[in-house]
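For reference, the chains in residue letters:
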Amino acid sequence: MTYRSKGALKFPKPVPSKTQKRKKKAEKGQWVSWVRERVFERDNHRCRVCHKRAEEMHEIVFRSLGGLVSLNNSIAVCRACHVHLQRHVLDVVGDNANEEMQFVLHVDKKSGW
Ligand SMILES: [Zn+2]
């Protein structure tokens with residue numbers, strides 16, 4: 001006697017197909033551009049740090065640290081400020097991008113500023 005009844009323990013392996021992966025990636029891309037549009041609108045296409053024309057979007061909690069691409073976590077910035085933010089020469093004070101934020105410049109770090 002075996003415990004294996006026909007088909008009862010057959011679960012499909014949760015391996016996404018290439019098409020599914022591609023679809024997921026495309027959906028993520030759509031989400032990012034949707035958020036990007038809203039963020040730029042909210043920030044009037046101006047850099048939240050220096051008020052120059054914004055070109056990029058920055059996540060306050062880095063995506064690499066689990067930060068989400070969302071309106072709360074994203075601000076519009078210019079390229080120069082984005083580089084400084086990524087190098088932590090410039091840090092964001094506050095965690096809600098929908099509210100007024102402050103920025104701290106660390107002059108002790110060699111920034112070239
Ligand atoms: Zn800037």
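Small disclaimer: the values here were computed from a predicted structure and weren't measured.

Below, the discussion takes up the overall build of the protein. When its secondary structure is counted, the protein shows two helices and four strands. Put simply, the protein runs from its N terminus to its C terminus through helices and strands in the order α-β-β-α-β-β. Within the span of the protein, comprising 113 residues, buried residues form 18% of the whole. Contacts in the protein between residues at least 24 apart in sequence constitute 47% of all its contacts with a sequence separation of at least 6.

A word on helix H1 (residues 18-42). With 25 residues, H1 should cover 36 Å at 1.5 Å per step; its first-to-last C-alpha distance of 36 Å lies within 8% of that length. The buried fraction of H1 is low, at one of 25 residues. Once H1 ends, the next one or two residues include Asn44, with phi positive near 55°.

This brings us to the nonpolar core. Counting residues in hydrophobic clusters, the biggest one holds 14 residues, and the most contacted among them are Cys47, Ile75, Ala76, Val77 and Cys81. Listed by contribution, the elements that provide at least two residues to this core are strand S2 (74-77) and helix H2 (79-86). Ranked by residues supplied to this core, first place goes to S2 with three residues. For Ala76, the contacting residues outside a window of four places in its chain are Val39, Phe40, Asp43, His45, Arg46, Cys47, Arg48, Ala54 and Met57.

Neither face of S2 is exposed, since Ser74 and Ala76 on one face and Ile75 and Val77 on the opposite face are all buried. Note that strand S1 (residues 56-59) and S2 share four bridges and pair antiparallel. Looking across to S2, one finds that His58 is bridged to Ile75.

To continue, consider H2. Among all positions of H2, only Cys81, His82, His84 and Leu85 are buried. Relative to the axis of H2, the buried residues are bounded by an arc of 165° and lie together on one face. Tucked into the core, H2 has its buried residues touching S1, S2 and strand S3 (90-93). Following H2 by one or two positions, His88 adopts a phi angle in the positive range, close to 60°.

What follows concerns the environment of Phe40. Mapping Phe40 onto the fold places it in helix H1. Since 18 C-beta atoms lie within 10 Å of it, Phe40 is described here as partly exposed. When the C-alpha atoms of Phe40 and Met57 are compared, they prove to be 8.1 Å apart, with 17 residues separating the residues in sequence. Sequence-distant contacts of Phe40, that is, excluding residues within four places in its chain, are made with His45, Ala54 and Ala76.

Mapped onto the secondary structure, Arg36 falls in helix H1. Arg36 sits 40 residues away from Ala76 along the chain, and the two C-alpha atoms are 8.1 Å apart.

Residues with a pLDDT of 70 or more make up 84% of the protein, whose mean pLDDT is 88. For the protein, the element scoring lowest by mean pLDDT is H1, at 93; S2 scores highest, at 98.

Reading guide: rules and limits
- Residues numbered from 1 in each chain as written.
- Predicted model: local features only at pLDDT ≥ 70, side-chain atom pairs only at ≥ 80, totals over all residues.
- Helix = DSSP H or I, 4+ residues; strand = E, 2+ residues; numbered from the N terminus.
- Buried ≥ 20, exposed ≤ 12 C-beta atoms within 10 Å, placed from the backbone.
- Contact = placed C-beta atoms within 7 Å.
- Expected span 1.5 Å × (residues − 1).
- Core = buried A, V, L, I, M, F, W, Y, C linked by C-beta atoms within 7 Å.
- Pairing = 2+ DSSP bridges.
- Arc of directions from axis to C-beta.
- pLDDT = per-residue confidence, 0-100.

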